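Working through the structure, step by step
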Amino acid sequence: MLSILKTLLQLAVLSFLLSACSLLQQPAAPQNAGSHSPRPAVTASPADSKVDLLLKEANRLADKVKTGSMSRVAAADQLNVYRLRLVGANQVDDNCFAMYRYLAVQRDAGQMTQEESQSRMEMRLREWLRRWPKMQPKPPQPVFTNFLLKLYGLPALG
């Protein structure tokens with residue numbers, strides 16, 4: 001558990017996200033398990049497979065960040081290009097990505113700790129979980145946001 005936390009502390013929002021991807025490949029409990037609701041089991045859908053594709057790309061980029069061959073911001077930008085090709089832009093994903101990138105910039109500049117960046121990203125995600133039920137019209141396929149929600153052990157947007 002300590003090594004997982006250490007890995008998460010090494011990287012900015014992008015890095016913690018990308019590092020957290022490795023958590024999804026292990027049967028370990030999500031970080032801060034007591035504070036998150038377990039994600040309900042759902043059947044695979046096309047959106048789920050896109051989340052998995054995004055996860056695979058995030059893991060690939062995480063390796064580059066870990067080796068120092070790429071900055072957090074550069075990896076975030078590449079993940080964004082992949083996201084836009086995969087599902088396109090929408091209000092929810094664009095907003096979550098803007099926060100994700102901002103936090104990566106702050107972490108690369110040494111202006112924010114890992115814990116602060118994680119807390120701010122989680123607050124943004126929880127804000128979308130509150131807003132989503134009332135949102136009309138809802139954008140199709142908030143895949144990037146669902147990807148982040150999955151990493152945090154939060155329920156996907158319905």
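Conventions we followed
Residues numbered from 1 in each chain as written. Predicted model: local features only at pLDDT ≥ 70, side-chain atom pairs only at ≥ 80, totals over all residues. Heavy atoms only, no water. Helix = DSSP H or I, 4+ residues; strand = E, 2+ residues; numbered from the N terminus. Buried < 20%, exposed > 50% of the residue type's maximum accessible area, 1.4 Å probe, protein only. Contact = heavy atoms within 4.5 Å. Areas by Shrake-Rupley, 256 points an atom, 1.4 Å probe, with all protein chains shown as cover. Core = buried A, V, L, I, M, F, W, Y, C linked by side-chain atoms within 4.5 Å. Axes fitted to C-alpha atoms, helices over the stretch in contact; angles between N-to-C directions. Parallel < 35°, antiparallel > 145°, perpendicular 65-115°, else oblique. Nonpolar A, V, L, I, M, F, W, Y, C, P; charged D, E, K, R; others polar. Expected span 1.5 Å × (residues − 1). pLDDT = per-residue confidence, 0-100. Left-handed = near helix turned anticlockwise from the far one by under 90°.

1. Some thoughts on the overall build of the chain
In terms of helices and strands, the chain carries seven helices and zero strands. Moving toward the C terminus, one meets the helices and strands of the chain in the order α-α-α-α-α-α-α. Sorting the 158 residues of the chain into buried and exposed places 46% on the buried side. Here the analysis covers contacts within the chain between residues at least 6 apart in sequence; of these, 74% occur between residues at least 24 apart. Carbon and sulfur atoms provide 56% of the accessible area of the chain, an area that totals close to 8,000 Å².

2. Section: the nonpolar core
If you look at the biggest cluster of nonpolar residues, it comprises 33 residues, and the most contacted ones within it are Leu-79, Tyr-100, Met-121, Leu-125, Phe-144, Phe-147 and Leu-148. When contributions to this core are tallied by element, the ones reaching two or more residues are α3 (46-67), α4 (72-87), α5 (91-108), α6 (114-131) and α7 (143-151).

3. A closer look at unusual backbone geometry
With an omega of -10°, the peptide bond between Gln-136 and Pro-137 qualifies as cis. In this fold, Pro-137 is placed in the loop between α6 and α7. If you check the backbone angles, Gln-141 has positive phi at about 50° while not being a glycine. Checked against the element boundaries, Gln-141 lands in the loop between α6 and α7. Overall, the relative accessible area of 31% leaves Gln-141 in the partly exposed class.

4. A look at the packing of α5 against α7
Two quantities define a packed helix pair, namely the angle between the axes and the distance from one axis to the other. Running from N to C, α5 and α7 cross one another at 55°; their axes reach a closest spacing of 7 Å. One element, α5, and the other, α7, form an angle in the oblique class. Touching Val-92, Asp-93, Cys-96, Phe-97 and Tyr-100 of α5 are Val-143, Phe-144, Thr-145 and Leu-148, all from α7. Broken down by class, the residue content of the contact of α5 with α7 amounts to seven nonpolar, one polar and one charged.

5. Some thoughts on α4
With 16 residues, α4 extends 22 Å between its outermost C-alpha atoms, agreeing within 8% with the 22 Å of an ideal straight helix rising 1.5 Å per residue. Those residues of α4 lying buried are Arg-72, Val-73, Ala-75, Ala-76, Leu-79, Asn-80, Tyr-82, Arg-83 and Val-87. Following α4 by one or two positions, Gly-88 has its phi on the positive side, about 85°.

6. Topic: the confidence of the model for the chain
This prediction gives the chain a mean pLDDT of 78; 70% of its residues lie at or above 70. Least confident of the elements in the chain is helix α1 (residues 2-10), whose mean pLDDT is 36; most confident is α6, at 97. The low-confidence segment residues 1-44 (pLDDT under 50) makes 99 contacts with residues lying over four places distant or belonging to another chain.

7. Description of the packing of α6 against α7
Here α6 crosses α7 at 120°, and the two axes come no closer than 11 Å. One element, α6, and the other, α7, form an angle in the oblique class. Relative to α7, the crossing made by α6 is left-handed. When α6 is examined against α7, the residues Met-121, Leu-125 and Leu-129 are found in contact with a partner set consisting of Thr-145, Leu-148 and Leu-149. For the contact of α6 with α7, the residue count by class is five nonpolar, one polar and no charged.

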